[in-house]
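Each chain, written out:
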Amino acid sequence: MKIEHLGIAVKSLKDSDDLFAKLLGKPAYKREKVEREGVTTSFYQTGDSKIELLEASNPDSPIAKFLEKKGEGIHHIAFGVEDIYAEIERLKSAGFIFISEEPKDGADNKLVVFLHPKSTNGVLVELCQEK
Ligand code: ZN
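Residues numbered from 1 in each chain as written. Predicted model: local features only at pLDDT ≥ 70, side-chain atom pairs only at ≥ 80, totals over all residues. Heavy atoms only, no water.

> Explain the overall build of the protein chain to me, and be specific about the residues and the numbers.
A tally of regular secondary structure across the protein chain gives three helices and eight strands. The linear arrangement of helices and strands in the protein chain, starting from the amino end, is β-α-β-β-β-α-β-α-β-β-β. In terms of overall size, the protein chain behaves like a compact globule, its C-alpha atoms giving a radius of gyration of 14 Å where 131 residues would be expected to give roughly 14 Å. Judged by the C-alpha coordinates and their principal axes, the protein chain covers about 45 × 30 × 25 Å. When the 131 residues of the protein chain are sorted by exposure, 45% land in the buried category. (Helix = DSSP H or I, 4+ residues; strand = E, 2+ residues; numbered from the N terminus. Rg over C-alpha atoms; globule rule 2.2 N^0.38 Å. Buried < 20%, exposed > 50% of the residue type's maximum accessible area, 1.4 Å probe, protein only.)

> I'd like a rundown of the coordination of the zinc ion, residues and numbers included.
The protein atoms that coordinate the zinc ion are His5 (NE2), Glu52 (OE), His76 (NE2) and Glu126 (OE), at distances of 2.1 to 2.2 Å. For the zinc ion, the four donor atoms in the first shell make angles of 84 to 166° at the metal, so the coordination geometry reads as irregular. For the zinc ion, all donor residues lie on one chain, and their spacing in sequence is H-x46-E-x23-H-x49-E. In this pair, glutamate 52 is assigned in strand β4 (residues 49-56) and histidine 76 in strand β5 (residues 73-80), connecting sequence segments 24 residues apart. On the basis of relative accessibility, which here comes to 6%, the residue glutamate 52 falls in the buried class. (Donors = N, O, S within 2.8 Å, 3.2 Å for Na, K, Ca; no water. Tetrahedral: all angles 85-135°; square planar, octahedral: opposite > 155°, others 65-115°.)

> So what's going on with the side chain of aspartate 17? Which residues, and what values?
Note on placement: aspartate 17 falls in helix α1 (residues 13-24). A distance of 2.4 Å separates polar atoms of two side chains, one belonging to aspartate 17 and the other to arginine 31. Within the structure, the side chain of aspartate 17 is placed 3.0 Å from the side chain of serine 42, a separation counted as a polar contact. Here aspartate 17 is in contact with Ala28, Arg31, Ser42, Tyr44 and Leu53, once residues within four sequence places are set aside. (Polar contact = N/O pair within 3.5 Å; in protein donor to acceptor, adjacent residues only side chain to side chain. Contact = heavy atoms within 4.5 Å.)

> Can you explain the pairing of strand β1 (residues 2-9)? Please cite residues and give values.
With seven bridges connecting them, β1 and β5 associate as antiparallel partners. Note that in β5 the partner of lysine 2 across the bridge is glycine 80. In the sheet, β1 pairs with β4 via five bridges, with the strands oriented parallel. Looking at β4, one finds that alanine 9 is bridged to leucine 54. (Pairing = 2+ DSSP bridges.)

> Let's hear about the nonpolar core: which residues, and what values?
In terms of nonpolar packing, the biggest core is built from eleven residues, these being Ile77, Val81, Ile84, Ile88, Leu91, Phe98, Leu111, Val113, Leu115, Val125 and Leu127. Looking at this core, the elements with two or more residues in it are α3 (84-93), β7 (110-115) and β8 (125-130). With near-sequence residues (within four places) excluded, valine 125 lies in contact with Ile77, Phe79, Val113, Phe114, Leu115 and Thr120. (Core = buried A, V, L, I, M, F, W, Y, C linked by side-chain atoms within 4.5 Å.)

> So what's going on with α1? Residues and values would help.
Given a rise of 1.5 Å per residue, twelve residues ought to cover 16 Å, and the 15 Å separating the end C-alpha atoms of α1 matches this to within 8%. All of the buried residues in α1 are Leu13, Ser16, Asp17 and Phe20. End-on view of α1: buried residues confined to an arc of 105°, all on one side of the axis. Facing away from the buried side of α1 by more than 90 degrees, the exposed set consists of Lys14 and Lys22. Looking at the buried positions of α1, the neighbouring elements they touch are β1, β2 (30-34), β3 (39-46) and β4. One or two residues past the end of α1 sits glycine 25, with phi positive at roughly 75°. (Expected span 1.5 Å × (residues − 1). Arc of directions from axis to C-beta.)

So this is what it looks like as structure tokens:
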């Protein structure tokens, strides 16, 4: 598995887009709203990996709750996989717990699934597969 992207929770995508464009020396290649997840995202290419900025698009969004509890910062680490269904089975047999075992449509044209942080040292882990 390679690190496909790091997800960073931000309060204001507008402010953070300015900051990350300055930091990385180039603008986001994509901005996308994922209505079902209550997030708006910006993506930056950084070598073979990406940075995903996440802003809550409504007050009930998991990102709004994360910001309330922990403030801005790293929200999840995403590993790119070839066969998400096989990886779910492999990790389930190894004792990992998933937030939901059914992959869903995520941002950036991916199928995504999340492991529960309580089974991964407090880190929210996303598996993603190119659609
Ligand atoms: Zn992600």
